[in-house]
Amino acid sequence: MTATTTAPYAAAPARTSKQPSARLRAWATRAPLLPALVFMIAVTQLPFVATLVISFFDWNALYPKARHFTGLDNYHQVLTDAGLRHSVWTTVLLTVGVVLASLVLGLALALLLDRRFRGRGLVRTLLIAPFLVVPVAAALLWKHVLYNPEYGLLNGLLHYVGGPQPDWISHTPLLAVEASLVWQWTPFMMLILLAGLQSRDQQQIEAARVDGASDWQIFRHLTLPHLRRYLELGALLGSIYIVQNFDAVFTITSGGLGTANLPYTVYQSFYQAHENGLASAAGVLVVIGSIVIATFALRVVSSLFREEVSRA
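Keep in mind the model is a prediction, meaning the values are calculated, not measured.

## Quick look at the overall build of the chain
Okay, step 1: Helix and strand content of the chain: 15 helices and 2 strands.
Okay, step 2: For the chain, the proportion of its 312 residues judged to be buried stands at 32%.
Okay, step 3: In the chain, once contacts between residues fewer than 6 apart in sequence are set aside, the share between residues at least 24 apart is 69%.
Okay, step 4: Here the chain displays about 19,100 Å² of accessible surface, and carbon together with sulfur accounts for 68% of that area.

What follows is the structure, given as structure tokens:
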């Protein structure tokens, strides 16, 4: 009786002695990630919290002692001011135009590179190059090398064929900004869609060809539905960047001629009008819009991973 009653109690200390060691091992595995987590919070979250706090104040940098709490007045002004509303509309037009054009051109180039031909590796490298150019350098390239009315390449070609010599930036300012961004972001869309094309089920395509399906029918009924997730991913990731784009607008038009988007308006409010509270409110709205788009992008990415796992 004594042996049977003391045996369960003898095993209890061994279980409690293992629990602290398991916790220590768990913390030891997480410890290398803590400096990166602290750095990320200090660099990204703390400035955003400070911006969020400032957005509730009427705070002009020229009169720092006159700042006072105004609640949501700055957000109301951002959403009701005519100039700010125009910048929001310009941001929408710029984002939609660039993303759609980049997707169409990227799809065409991806379909081209999906075929085998001599020099495909060289062509792929050259097509990727615009995406690797620094955004400010790309905007300067388009402004001075292509758009300049006196020595620009576009007017040089038009002069060669006897055409007009327009001032591209003055006549079509928003299209001038969009063209430079499309040139830079088409390679990004091309890479995403090319990855989607190379993940197709080749046996299914060969079976469709054996059944007499044409190239257009294969593209419409097999390739395009397969690329739907990749098209959504490219559109969402491109939208996240274009919504926040500042370099092209600042470099090509300096926000003039109706091309001032919301990030440029934030720059004007902060650095030129010195309205810290108003600029912070507009910046918070930009961040909220980016978070919404990023949430959809993460969902698309997770669905792509689930599809790949299910195929495997």
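So that's the structure; there's more coming.
## A few points about the nonpolar core
Okay, step 1: Val78, Leu94, Val98, Ala110, Val177, Leu181 and Ile242 are the most contacted members of the largest nonpolar core, which totals 51 residues.
Okay, step 2: Elements represented by at least two residues in this core include exactly helix H3 (73-80), helix H4 (82-113), helix H6 (135-146), helix H9 (173-198), helix H12 (228-243), helix H13 (247-253), helix H14 (262-272) and helix H15 (276-311).
Okay, step 3: Counting residues per element, this core draws most heavily on H9, which supplies 12 residues.
Okay, step 4: Once you skip the residues sitting within four places of it in the chain, alanine 110 turns out to touch Met190, Leu193, Leu194 and Leu197.

## A short note on the side chain of serine 239
Okay, step 1: Relative to the helices and strands, serine 239 is located in helix H12.
Okay, step 2: The exposure class assigned to serine 239 is buried, which follows from its relative accessible area of 14%.
Okay, step 3: Apart from residues no more than four positions distant in its own chain, serine 239 is found in contact with Thr95, Val99 and Ile293.

## Describing the pattern of salt bridges
Okay, step 1: What the rule picks out here adds up to 4 salt bridges.
Okay, step 2: The salt bridge partner of aspartate 114 is arginine 200, with a shortest N-O separation of 2.7 Å. Of this pair, aspartate 114 sits in the loop between H4 and helix H5 (120-132) while arginine 200 sits in the loop between H9 and helix H10 (202-210), and the two are 86 residues apart along the sequence.
Okay, step 3: Judged by its relative accessible area of 23%, aspartate 114 is partly exposed.
Okay, step 4: For the salt bridge of glutamate 232 with arginine 228, the shortest nitrogen-to-oxygen distance reads 2.9 Å. Of this pair, glutamate 232 and arginine 228 both sit in helix H12, 4 residues apart, roughly one helical turn.
Okay, step 5: Classification of glutamate 232 as partly exposed rests on a relative accessible area of 26%.
Okay, step 6: Sharing partners across several salt bridges, the network here consists of Arg228, Arg229 and Glu232.

## Remarks on helix H11 (residues 215-226)
Since one α-helical turn is 3.6 residues long, residues separated by three or four positions face the same way.
Okay, step 1: Inspection of H11 places Ile218, Phe219, Thr223 and His226 among the buried residues, and these make up the whole buried set. Down the axis of H11, the buried side of the element spans an arc of 95 degrees, and every buried residue falls inside it. Turned more than 90 degrees from where H11 packs its buried face, Trp216 and His221 sit exposed.

## Thoughts on the UniProt feature "transmembrane region" (unreviewed entry) in the chain
Okay, step 1: UniProt annotation of "transmembrane region" (unreviewed entry) refers to residues 33-57, 88-113, 125-145, 174-197, 230-257 and 277-301 when read in the numbering used here.
Okay, step 2: Secondary structure across residues 33-57 divides into 84% helix and 4% strand, with the first and last C-alpha atoms of the span separated by 36 Å.

## Quick word on the packing of H3 against H4
Okay, step 1: Their axes nearest at 5 Å, the elements H3 and H4 cross at an angle of 65 degrees. It follows that H3 is roughly perpendicular to H4 by the angle criterion. For the pair H3 and H4, the contacting residues are Gln77, Val78, Leu79 and Thr80 in the first and Ala82, Leu84 and Arg85 in the second.
Okay, step 2: Its residues assigned to classes, the contact of H3 with H4 shows 4 nonpolar, 2 polar and 1 charged.

Rules of the game
- Residues numbered from 1 in each chain as written.
- Predicted model: local features only at pLDDT ≥ 70, side-chain atom pairs only at ≥ 80, totals over all residues.
- Heavy atoms only, no water.
- Helix = DSSP H or I, 4+ residues; strand = E, 2+ residues; numbered from the N terminus.
- Buried < 20%, exposed > 50% of the residue type's maximum accessible area, 1.4 Å probe, protein only.
- Contact = heavy atoms within 4.5 Å.
- Areas by Shrake-Rupley, 256 points an atom, 1.4 Å probe, with all protein chains shown as cover.
- Core = buried A, V, L, I, M, F, W, Y, C linked by side-chain atoms within 4.5 Å.
- Salt bridge = Lys/Arg side-chain N within 4 Å of Asp/Glu carboxyl O.
- Arc of directions from axis to C-beta.
- UniProt positions renumbered as here; feature names shortened; annotations may be inferred.
- Axes fitted to C-alpha atoms, helices over the stretch in contact; angles between N-to-C directions.
- Parallel < 35°, antiparallel > 145°, perpendicular 65-115°, else oblique.
- Nonpolar A, V, L, I, M, F, W, Y, C, P; charged D, E, K, R; others polar.

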